[in-house]
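This is what each chain is made of:
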Amino acid sequence: MINPSIFKAYDIRGVYDADFNDDFAYQLGLAYCQLRREELGRDNFNIVAAHDMRLSSPILYKELIRGLIDGGANVVDVGLLATPSFYFAVAHYKYDGGIIVSASHNPAAYNGFKLVRQMAAPIGESSGINDLKNLILAGGLSAHHTKGELTKKENILVDQVKYDLAYVNVADIKPLKIVIDTANAMGALYLDELIKHLPQLSIEKMNWNLDGTFPVHEADPYKLENVKQLGEKIVELKASLGVATDGDSDRIFFLDEMGQAIEPGITRAILCRLFLIDKPQSTIAYDIRPGRITYDTIIANGGQPLVTRVGHSLIKEAVIDNGAYFAGESSGHFMLNMMNEGCYEVPGIVLLKLLVELSRANLTFSEYVKPYQKYFHSGEINFKVNDTAEKIIELKEKYSSGKINELDGLSIEYNDYWFNVRASNTEPLLRLNLEAVSKEIMEVKRDEIIQIINS
């Protein structure tokens, strides 16, 4: 049972037992081994396997490992891990690749797989996922003549946190009260280890116990309704800030002391400045969706801007190809190119850098971000439409007088507003992001485009 639509631009994802089943995980293991064997040019290779806390993950994990071993891979079983910790394990210990069973922020019924090569280099639609799709759908995959072996690797979080702490001086972090909501998902594991090294912080944990049913709210902090509870707790406790992570913890979000969500584009701009201090004049990558404060900040701080397509795997590929140092996506993915340590999301380093910066600035979080709030953003608005391509063509014709960019979907720029519309790579949706120089213009143009899309 395989629905071909599970093969996405960035990973493999769908509804468990509807779009794919346990046997698919086994077939994926065989196909991945065939792909990597051909790429590496050798039979002996070591592959990391990990999984999240979803209810279907243990059985899928078992079948995935069985497929990898039958496919000839030596499997390094790292068990229950957040995605950035999985990436760290692949890159830091110099393994030949890896697969994690996870559907990131999707609802409980979903599951999936994220795949990487050595150094945690992403496998995306144009860099291997379509090859795997073709191998699996063609059928006929069989076990290799030599089976691989299974070993376990422990203490990964200890090593990862030690590595991440080297990016800051912990003594520079002042005593702060912080509320953290991990949505009963994978961020709790890493953050528990990190918190041990930050005794000056007062931490209030929310929705901390791992639970693949997501009993309180979805593990997607990009949706404001999912950080409402966190915002209320910040105000109640008079905390300095709030932190939220998504389902597999490769995205991180922040709220100020008033319980208001910081737009990820603003978080990205702040981080651009901080990482440019570490590495002056470096190239900084960001996706094409509106968030002009990022461009402004990169230029103002002597960096070189690099615009990419949307999607963590596509951004990473651009970062690696162009030698960029830091990258941020509008949806909360923040990636660091650590060269011989790989390029992947580093929410722990991001949190540490931000805590040091807020401690240094001696301002409330809302005061600190105020200079970055130059533009007015619509937020991401999603539409279910019958034909996304047709709507994009219609919008291109309507706004043909603007500056047009078709790097990813359709981006159109005028002097006082700019927007991007694109078909989602993970869901059957058309996504709109619009930004303007004033709230009034943003609202007028947002509503105008919404009317066109809905017509």
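Everything below is about the structure printed above this text.
A brief report on the enclosed structure follows.

## Quick word on the state of the cysteines
Using the criterion set out here, one finds zero disulfides in the structure. Looking at Cys272, it has no disulfide partner, and the nearest cysteine sulfur is the one in Cys343, 14 Å off.

## Considerations on the pairing of strand β7 (residues 177-181)
Each regular strand shows side chains that alternate between the opposite faces of the sheet. Counting buried residues in β7 gives four out of five residues, a clear majority hidden from the surface. In the sheet, β7 pairs with strand β8 (residues 202-206) via five bridges, with the strands oriented parallel. Bridge pairing links Ile180 to Lys205 in β8. Note on the crossover from β7 through helix α6 (residues 187-195) to β8: the handedness is right-handed. Note: β7 against strand β9 (residues 241-245), four bridges, orientation parallel. Looking at the pairing, Asp181 lines up with Ala244 of β9.

## A closer look at the environment of Val350
Position of Val350 among the secondary structure elements: in helix α11 (residues 347-361). Each C-alpha atom, one on Val350 and one on Asn454, is 38 Å from the other, the two residues being 104 residues apart in sequence. Beyond its immediate chain neighbours, meaning those up to four positions away, Val350 contacts Ile252, Phe254, Leu271 and Phe334.

## Details of the sheet that holds β8
Reading across the sheet, the four strands line up as β8-β7-β9-β10 and stay open at both edges, with mixed pairing between neighbours. Two strands in the sheet have a free side with no partner beyond their single neighbour: β8 and β10 (252-255). With direction set aside, neighbouring strand axes in the sheet form an average angle of 20°. Docked against the sheet, helix α7 (residues 228-237) engages β7, β8, β9 and β10, running at close to 160° with respect to β7.

## Some points on unusual backbone geometry
Its identity is not glycine, yet Ala120 carries a phi of approximately 60°, on the positive side. Topologically, Ala120 is positioned in the loop between β5 (110-117) and α4 (125-138). The phi angle at Phe214 is positive, at roughly 50°, despite the residue not being glycine.

## Considering the environment of Lys374
Structurally, Lys374 can be placed in the loop between α12 (365-369) and β16 (376-377). Residue Lys374 is classed as partly exposed on the basis of its relative accessible area, which comes to 43%. For the pair Lys374 and Asp164, spaced 210 residues apart in sequence, the C-alpha separation works out to 32 Å. The residues contacting Lys374, other than those within four sequence positions of it, are Ile293, Asp296 and Val437. A distance of 3.3 Å separates polar atoms of two side chains, one belonging to Lys374 and the other to Asp296.

Scoring rules and cut-offs
Residues numbered from 1 in each chain as written. Predicted model: local features only at pLDDT ≥ 70, side-chain atom pairs only at ≥ 80, totals over all residues. Heavy atoms only, no water. Disulfide = S-S within 2.5 Å. Buried < 20%, exposed > 50% of the residue type's maximum accessible area, 1.4 Å probe, protein only. Helix = DSSP H or I, 4+ residues; strand = E, 2+ residues; numbered from the N terminus. Pairing = 2+ DSSP bridges. Right-handed = clockwise from strand over helix to strand, strands pointing away. Contact = heavy atoms within 4.5 Å. Axes fitted to C-alpha atoms, helices over the stretch in contact; angles between N-to-C directions. Polar contact = N/O pair within 3.5 Å; in protein donor to acceptor, adjacent residues only side chain to side chain.

Keep in mind these values describe shape, not function.
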